[in-house]
Protein chains: 2
Amino acid sequence: MPYAASLEYALHAILHLGGLPSGSVLSREDLARFLGLAPSYVAKVLQQLTKAGLVHGRRGPHGGYRLARPLSAISFWDVIEAVQGHGAIFHCQEIRGRCVVFRDHPEWRLRGRCEIHTVMLDAESKMRTVLRRNSLARVQRRLQTKLPRTQRDAIDAWLAGAASEPVVPTATA
Amino acid sequence: MPYAASLEYALHAILHLGGLPSGSVLSREDLARFLGLAPSYVAKVLQQLTKAGLVHGRRGPHGGYRLARPLSAISFWDVIEAVQGHGAIFHCQEIRGRCVVFRDHPEWRLRGRCEIHTVMLDAESKMRTVLRRNSLARVQRRLQTKLPRTQRDAIDAWLAGAASEPVVPTATA
């Protein structure tokens, strides 16, 4: 199974929280409405992103969520780690150590790193480099170039309309 | 986790079928015994590898499995596709198309490719390049350099002892 669907939700959530007016927050319900997703999915994703320190929750009548750091400091890899717990594509279970030949030669069991694992780690490292180099700010910039002005304005207007007024944070949730 | 444990079983199974004496086959039970895995796991993996055309099954009293092509022509990516059905690490569900702003502007829904998907495809492509370039023959060569002679001989002797005598194939299973 590839990365879970919640990764797609999380990446879009982060991207659009990055489009909020400075200092304001968006409620979980409004974020779910904006994305067109079930509030329960969005709640779970926000919980993971908050736990990973990518998002801040604010309680109270003007409560809601905002990014904990700028979009330029949030990479795809950060989001993957937040929702998957780890980003590894392959978990070596060291099955080589179960080979029948090692019954008589236990000293050979796990000598060095498994050569199969080595190749998987190399592949993963190449993938991770791309995911670390790409911040969500880069996606935002590409969208600003690509989308028609009217569309960008409509998105910004919706988010600004739903966002709370900027207030001084009093507590984190 | 993107890749299931069965991938590790499949990669090790292919590697060791590649160590059989030319023309011989290994029964499913002996392959499971060699790898130290439950026969049911190995059966499932062999079924997937056979379906993908990486392995040939031969029925009858001298029945068993052998590679359908040389190890040098079997890449990590071939094995991933065989056991996963696809190798994609991310499935874009086009959730951008559900954004509330598109209710009034359906013509904006799915313009071009999602920029989030674009980054994931780039990462996947870098990973896939490594997995396509690495054949299981390369792993076999590395093991021949790395393992002590006595260990290689013990592995070869076990496989040769369990393998059927070479026979002319009469049917494929």
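The coordinates are above.
This report concerns the structure included in the present document. Not measured: the values here are computed from a predicted model.

Let's talk about the packing of aromatic side chains
Applying the stated criterion across every chain, the model contains four aromatic pairs over all chains. Taking 5.5 Å as the distance between ring centres and 15° as the angle between the ring planes, the aromatic pair formed by Y9 of chain A and Y41 of chain A counts as stacked. Of this pair, Y9 of chain A sits in helix 1 (residues 5-17) while Y41 of chain A sits in helix 3 (residues 39-51); the two residues are 32 residues apart in sequence, bridging distant segments of the chain. In this structure Y41 of chain A comes out as partly exposed when scored by relative accessible area, which is 45%. In this arrangement the basic side chain of R128 of chain B is found over the ring face of W77 of chain B, its NZ or CZ atom lying 5.5 Å from the centre.

A few points about unusual backbone geometry
The phi torsion at E94 of chain A lies on the positive side, around 55°, for a residue other than glycine. By the element assignment, E94 of chain A lies in the loop between helix 4 (76-84) and helix 5 (115-133).

Structural notes on the pairing of strand 2 (residues 64-67) of chain A
Residues and elements named next belong to chain A. The pairing of strand 1 (residues 55-58) with strand 2 spans four bridges and is classified as antiparallel. Of the residues in strand 2, the one forming a bridge with H56 is R66. Counting the residues that bridge the hairpin from strand 1 to strand 2 gives five residues, and of these G60 lies at a positive phi of roughly 105°.

Here we look at the relation of the copies chain B and chain A
Comparison of the two chain copies shows a relationship of rotation about an axis with a shift along it. Turning chain B through 180° and shifting it by 0.0 Å along the axis lays it on chain A, with an RMSD of 0.1 Å. What the superposition gives is, in effect, a two-fold axis relating one chain to the other. Interface overlap between copies: 100% of the residues of chain B at the interface are likewise at the interface in chain A, consistent with a symmetric, same-surface contact.

Here's the deal with helix 2 (residues 28-35) of chain A
Residue and element names in this part refer to chain A. Turning to helix 2, its buried residues number three or more, namely D30, L31, A32, F34 and L35. Structurally, helix 2 contributes buried residues whose contacts are with helix 1, helix 3 and helix 7 (149-162). After helix 2 finishes, the residue G36 shows a positive phi value of roughly 75°.

Examining the interface of chain B and chain A
Contact residues are listed per partner, giving 59 residues for chain B and 59 residues for chain A. The junction of chain B with chain A conceals about 5400 Å² of combined surface from both sides, 70% of it contributed by carbon and sulfur atoms. If you look at where chain B meets chain A, you find four salt bridges. One salt bridge in this structure joins E115 of chain B and R142 of chain A, with 3.9 Å as the shortest N-O distance. Along the contact surface separating chain B from chain A lie 14 residue pairs in polar contact (both at pLDDT 80 or more). Looking at the side of chain B that touches chain A, the elements that each hand over two or more residues are helix 1 (5-17), helix 2 (28-35), helix 4 (76-84), helix 5 (115-133), helix 6 (136-146) and helix 7 (149-162) of chain B. Residues of the side of chain B that touches chain A, tallied by class, amount to 37 nonpolar, 10 polar and 12 charged.

Overview of helix 6 (residues 136-146) of chain A
Looking only at helix 6 of chain A, the buried set comprises L136, A137, V139 and L143 of chain A. Viewed along the axis of helix 6 of chain A, the buried residues span an arc of 155°, placing them on a single side of the element. For helix 6 of chain A, the secondary structure elements touched by its buried residues are helix 1, helix 4 and helix 7 of chain A together with helix 5 of chain B. Two to three positions downstream of the cap, the backbone nitrogen of A137 of chain A sits 3.2 Å from a side-chain oxygen, assigning the N-cap of helix 6 of chain A to S135 of chain A.

Details of the pattern of salt bridges
Under the definition given, this model contains 18 salt bridges over all chains. Salt-bridge contacts for K146 of chain B lead to E115 of chain A; the nearest nitrogen and oxygen are separated by 3.2 Å. With K146 of chain B in helix 6 and E115 of chain A in helix 5, this residue pair bridges two chains. By relative accessible area, K146 of chain B is classed as partly exposed at 28%. We classify E115 of chain A as buried; its relative accessible area is 12%. Salt-bridge contacts for R28 of chain B lead to E29 of chain B; the nearest nitrogen and oxygen are separated by 3.7 Å. For R28 of chain B, a relative accessible area of 36% puts it in the partly exposed group. Because the salt bridges share partners, they merge into one network encompassing E115 of chain A together with R142 and K146 of chain B.

Here is what the cut-offs are and how they apply
- Residues numbered from 1 in each chain as written.
- Chains lettered and ligands numbered in written order.
- Predicted model: local features only at pLDDT ≥ 70, side-chain atom pairs only at ≥ 80, totals over all residues.
- Heavy atoms only, no water.
- Phe/Tyr/Trp six-rings, centres within 6.5 Å; stacked < 30°, edge-to-face > 60°.
- Helix = DSSP H or I, 4+ residues; strand = E, 2+ residues; numbered from the N terminus.
- Buried < 20%, exposed > 50% of the residue type's maximum accessible area, 1.4 Å probe, protein only.
- Lys NZ or Arg CZ within 6 Å of the ring centre and 35° of its normal.
- Pairing = 2+ DSSP bridges.
- Least-squares fit on C-alpha atoms with pLDDT ≥ 70 in both.
- Contact = heavy atoms within 4.5 Å.
- Buried area = accessible area lost by both parts, 1.4 Å probe.
- Salt bridge = Lys/Arg side-chain N within 4 Å of Asp/Glu carboxyl O.
- Polar contact = N/O pair within 3.5 Å; in protein donor to acceptor, adjacent residues only side chain to side chain.
- Nonpolar A, V, L, I, M, F, W, Y, C, P; charged D, E, K, R; others polar.
- Arc of directions from axis to C-beta.

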